[in-house]
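For reference, the chains in residue letters:
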Amino acid sequence: MAIAARPLALRSPWFLPALVCLVVLVFWVVWPLASLFYQSVIDPATGMPSLHGFETFFSDPRYVEAFFNTIKLGLISTIGTLLLGAPLAYVVARYDFPGKAIVAILPLTTIVLPDIIVSQAWLMLLGNNGVVRLALESIGIDLPSFYGWFGMSYVLILNDYTYVYIGMLAALKAIDGTLEEAAVNLGASNFKRALSVTFPVLMPALLVNAMIVFTLAVDNFSIPMILGGQVDVLSSLTYTTFLSEMSGNPTMQGVLAVVSVILVGAVLFIQKRVLERKTFQMQQGRAPRPVRAQGLAGILLTVGAVLFVTFSLIPAFIVLIGAFTKASGPVMQYGTFTLDNMERALRYAPEPILNSLMLASVATIAGTCFATICSYLIVKKRLFVVTALDYMVMLPLAISGTVLGIALIQTYNSGVLVLTGTWVIMAGAYFVRKVPFSIRSASASLYNIPDSIEEASINLGVSPFQSFFKVVLPLMKPAILGAAILMWVTSLAEISATIVLYYGGMETMPIQMFRQIDAGFLARASAYGVILMVVILVPIYLAIRFLKLDLFSSR
């Protein structure tokens, strides 16, 4: 049976497209990752296999501390986001109050604001020369240094709680209300009902979203690099090790990268096991009806929720103010107004803007086409090569951006094909980092398209490829446009991979912002931040306004 199935699969018209997609992933993901693993176990002095790099990692206090700091930061971020996101989701799902529609949508702004903008904004408020810090110090209130654990944890929690909020809100709305009603009818108190019915049903969603936040915190590059101070984590230490070893020993680059991949991969594996073992299936029923909050309770609930989610907009407002504020070097002259920062960015130093737009456009076009084909193959076709593609296409989720950048450099820095020092390798990094999310977005509509529609077209004599383009593709149009917008937005904000891949003249807006922040020129960084927000938010607004797309359903 197995022998006969293979020639049949080879005769499928979709075998060749699936194989091409597989080769693309091997070129951009598997081979660079394999080269990185190989480099980590080779002694550069002798060229022979050696575990000396891993021995150094586990014996050097700095590396060991960075490893445990990474886990610690992930746990702090996860616990903090659960404490913020889950209660907010419960309030929005179970209560009606004035302003609920605004409260429900505002947290989504944290998803589209790049980490580097958020870090800069809070630095302008709470950094050493931050306006809030200076105001509090003037009345005798001293805040802890914003560099180190306080700053990293604070920004990560406020930046990532939305992922918990979205996941828990969906889970709360999916609960069959008759279960809770049955518990109440049997005499259970509200507390016992929540403990015995609601909480167990929500536990899988809670654990899965916790794993997502942990992975995001472990992979994050911008926040630890800008706010970490003397605290080393794997993402920042991998980058600094890369800079110090660019012309020397690459072994420790490989070792740090391998440890990062194993850590993230382990978390994703646990997430998959949790999802498989702790999932409850319920009959479709009505969700519990929200309770109308009235009187003082309604006022307190509204005010508290609005004040809470307003924090999501603070970074955007602060960067907007900073872009039009005069500055003397690192000193911001708040209360003044100038167009010099924006003029400098748009007229005298527009290269980062043009580079970002060019690279994001290439990645979006290539990524959307790739995601459309891959999602169709994975959802609709049962071929052995598609099974391999299904696993391989999510591999980039286990690779941090810095690790991917180093892997691409080590793989394509010499030999027959040299890509290092070209825009192609930067666009390729954008493509690899963001295409898994686009595939998830493009797959959303395919599960709702009956196979019988395509089969009917083929039975009428239309070829499989023509049936795909004439029948399936039009039905996928909203999901494809959503995937394209998602690819565009996330590509523009990418920095962790391109920070090690860029070369002179190919700085992007996030890289330019990082360099300006590192030099203390926050006003100049703010100007690029405003431009970056505009080119990110305008397409989202147009998609929601005219195309009626839901861009957050797949994230």
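Values in this document were obtained by computation on a predicted structure and should not be read as measured data. (Residues numbered from 1 in each chain as written. Predicted model: local features only at pLDDT ≥ 70, side-chain atom pairs only at ≥ 80, totals over all residues. Heavy atoms only, no water.)

Enquirer: Help me out: how do you make sense of the packing of aromatic side chains in this one?
Expert: Where two aromatic rings form a pair, the distance of their centres and the angle of their planes describe that pair. In the structure shown here, the tally under the stated rule is 20 aromatic pairs. Aromatic pair Phe221 and Phe514: ring centres 6.1 Å apart, planes at 40°, arrangement tilted. Pair noted here: Phe221 is in the loop between α11 (190-219) and α12 (222-227) and Phe514 is in helix α25 (residues 509-519), with a separation of 293 residues, a long-range link. As far as the burial class goes, Phe221 and Phe514 line up, both buried. Through successive ring pairs, a cluster of aromatic residues spans Trp14, Tyr376, Phe465, Phe468 and Phe469. The ring of Trp149 has Lys72 sitting right over it, with the charged end atom 4.3 Å from the ring centre. In this arrangement the basic side chain of Arg524 is found over the ring face of Phe521, its NZ or CZ atom lying 4.7 Å from the centre. (Phe/Tyr/Trp six-rings, centres within 6.5 Å; stacked < 30°, edge-to-face > 60°. Helix = DSSP H or I, 4+ residues; strand = E, 2+ residues; numbered from the N terminus. Buried < 20%, exposed > 50% of the residue type's maximum accessible area, 1.4 Å probe, protein only. Lys NZ or Arg CZ within 6 Å of the ring centre and 35° of its normal.)

Enquirer: Please clarify how the side chain of Ser77 should be interpreted in this entry.
Expert: Along the chain, the position of Ser77 falls in helix α4 (residues 61-94). Since its relative accessible area comes to 0%, Ser77 is described here as buried.

Enquirer: I tried to follow helix α3 (residues 52-59) on my own but got confused; where do I start?
Expert: Every α-helical turn comprises 3.6 residues, leaving residues that sit three or four positions apart pointing alike. Regarding α3, the residues found buried are Gly53, Phe54 and Phe57. Angular distribution of buried residues about the axis of α3 spans 95°; they occupy a single face of the element. In this structure, α3 carries Glu55 and Ser59 as exposed residues pointing more than 90 degrees from its buried face. (Arc of directions from axis to C-beta.)

Enquirer: What is the right way to read the pattern of salt bridges from this model?
Expert: Pairs may arise between side chains of opposite charge once their charged atoms sit close together. Scanning the model with the defined rule gives 6 salt bridges in all. One salt bridge in this structure joins Arg62 and Asp232, with 2.9 Å as the shortest N-O distance. Highlighted residues: Arg62 in helix α4 and Asp232 in the loop between α12 and α13 (234-244), separated in sequence by 170 residues. The shortest N-O distance in the salt bridge between Arg515 and Glu507 comes to 2.8 Å. (Salt bridge = Lys/Arg side-chain N within 4 Å of Asp/Glu carboxyl O.)

Enquirer: Looking at this structure, how should I read the side chain of Ser260?
Expert: Structurally, the position occupied by Ser260 is in helix α14 (residues 251-277). Within the local environment of Ser260, its side chain forms a polar contact with the backbone oxygen of Leu256, the two atoms lying 3.0 Å apart. Residues in contact with Ser260, not counting those within four places in the same chain, are Leu234, Thr238 and Val403. (Polar contact = N/O pair within 3.5 Å; in protein donor to acceptor, adjacent residues only side chain to side chain. Contact = heavy atoms within 4.5 Å.)

Enquirer: Teacher, can you tell me more about the packing of α4 against α13 here?
Expert: At a minimum axis separation of 8 Å, α4 and α13 run at an interaxial angle of 140°. Two secondary-structure elements touch here, α4 through Arg62, Tyr63, Ala66, Phe67 and Thr70 and α13 through Leu234, Leu237 and Thr240. Here the contact of α4 with α13 is composed, by residue class, of 5 nonpolar, 2 polar and 1 charged. (Axes fitted to C-alpha atoms, helices over the stretch in contact; angles between N-to-C directions. Nonpolar A, V, L, I, M, F, W, Y, C, P; charged D, E, K, R; others polar.)

Enquirer: Which parts of the structure should I look at to understand the state of the cysteines?
Expert: All chains considered together, the criterion is met by 0 disulfides. With no disulfide of its own, Cys374 lies closest to Cys21 among cysteine sulfurs, the gap being 3.8 Å. (Disulfide = S-S within 2.5 Å.)

Keep in mind these values describe shape, not function.
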